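Coordinate inspection notes
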Amino acid sequence: MTEIAKAGMSRAGTTYRHDLDSPIGTLVLLADADGALTGLLYPGHRTITLADGAIADPAPFRDVQTQLEEYFAGGRTVFDVPLAPVGTTFQKAAWEQLLLIPFGETRTYGQIADALGQPGAARAVGLANNRNPISIIVPCHRVIGAGGNLTGYGGGIDAKKFLLDLESRGSTLF
């Protein structure tokens, strides 16, 4: 299973980029000099500036591209790529909780806050999700409102619904 890097920074300054067509639009993939994924963004995503100055090169993204293609085809339920998102300690802890949500399932912001040992921090979890730079693989789309409603998503509610529908169909196949 994929984990978020616990510490350390990669070699300073080098970021790679690859644009990948998908059923929900073109995704912007970013990786550091060590080959760890630092971003999986939708066009117009508020953190797209992370891609400024990145070197266009598909080579560092072969594994993640293959895994995303398998995911969208319904054949992959777990990702196995190195991740190195940049965030605060709380954000990284919240993102780690997202990685624990099983394929085809959802959790509420409150449930994530409880899992962090911080009941009442649902709003902070929502803000951490909003800052998640690695969409889909760090599955913030699996987090829903307390009443079961689909709430904000960097790729838009239609993309969130598509991903949840894809996973709900896939979860019955395996």
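Please read all numbers here as calculations on a predicted model, not as lab measurements.

As a further point, take the overall build of the chain. A count of helices and strands for the chain gives five helices and six strands. Ordered by position from N to C terminus, the α and β elements of the chain give β-β-β-β-α-α-β-α-α-β-α. Per-residue burial over the chain gives 43% buried out of 174 residues. Of the contacts made within the chain by residues no fewer than 6 positions apart, 61% connect residues no fewer than 24 positions apart. With an accessible surface of roughly 8600 Å², the chain has 52% of that area assigned to carbon and sulfur atoms.

Moving on, we get to the pattern of salt bridges. Using the criterion set out here, one finds five salt bridges in the structure. In this structure, the salt-bridge partner of Arg17 is Asp19, at a minimum N-O distance of 2.8 Å. For Arg17, a relative accessible area of 26% gives the class partly exposed. On the accessibility criterion, Asp19 (39% relative accessible area) is partly exposed. When the shortest N-O distance is used, the salt bridge between Lys161 and Asp165 registers 3.0 Å. Here Lys161 and its partner Asp165 are both found in helix H5 (residues 157-171), four residues apart, which amounts to about one turn of the helix. Residue classification places Lys161 among the partly exposed positions, given a relative accessible area of 43%.

Three or more residues of helix H4 (residues 122-130) are buried, namely Val125, Ala128 and Asn129. The buried side chains of H4 occupy one side of the element, clustering within an arc of 100 degrees when seen end-on. Exposed side chains of H4 directed beyond 90 degrees from the buried face belong to Arg123 and Leu127. Where H4 is buried, its residues touch helix H2 (89-99), helix H3 (109-115) and strand E6 (143-144).

The rules behind the values
- Residues numbered from 1 in each chain as written.
- Predicted model: local features only at pLDDT ≥ 70, side-chain atom pairs only at ≥ 80, totals over all residues.
- Heavy atoms only, no water.
- Helix = DSSP H or I, 4+ residues; strand = E, 2+ residues; numbered from the N terminus.
- Buried < 20%, exposed > 50% of the residue type's maximum accessible area, 1.4 Å probe, protein only.
- Contact = heavy atoms within 4.5 Å.
- Areas by Shrake-Rupley, 256 points an atom, 1.4 Å probe, with all protein chains shown as cover.
- Salt bridge = Lys/Arg side-chain N within 4 Å of Asp/Glu carboxyl O.
- Arc of directions from axis to C-beta.

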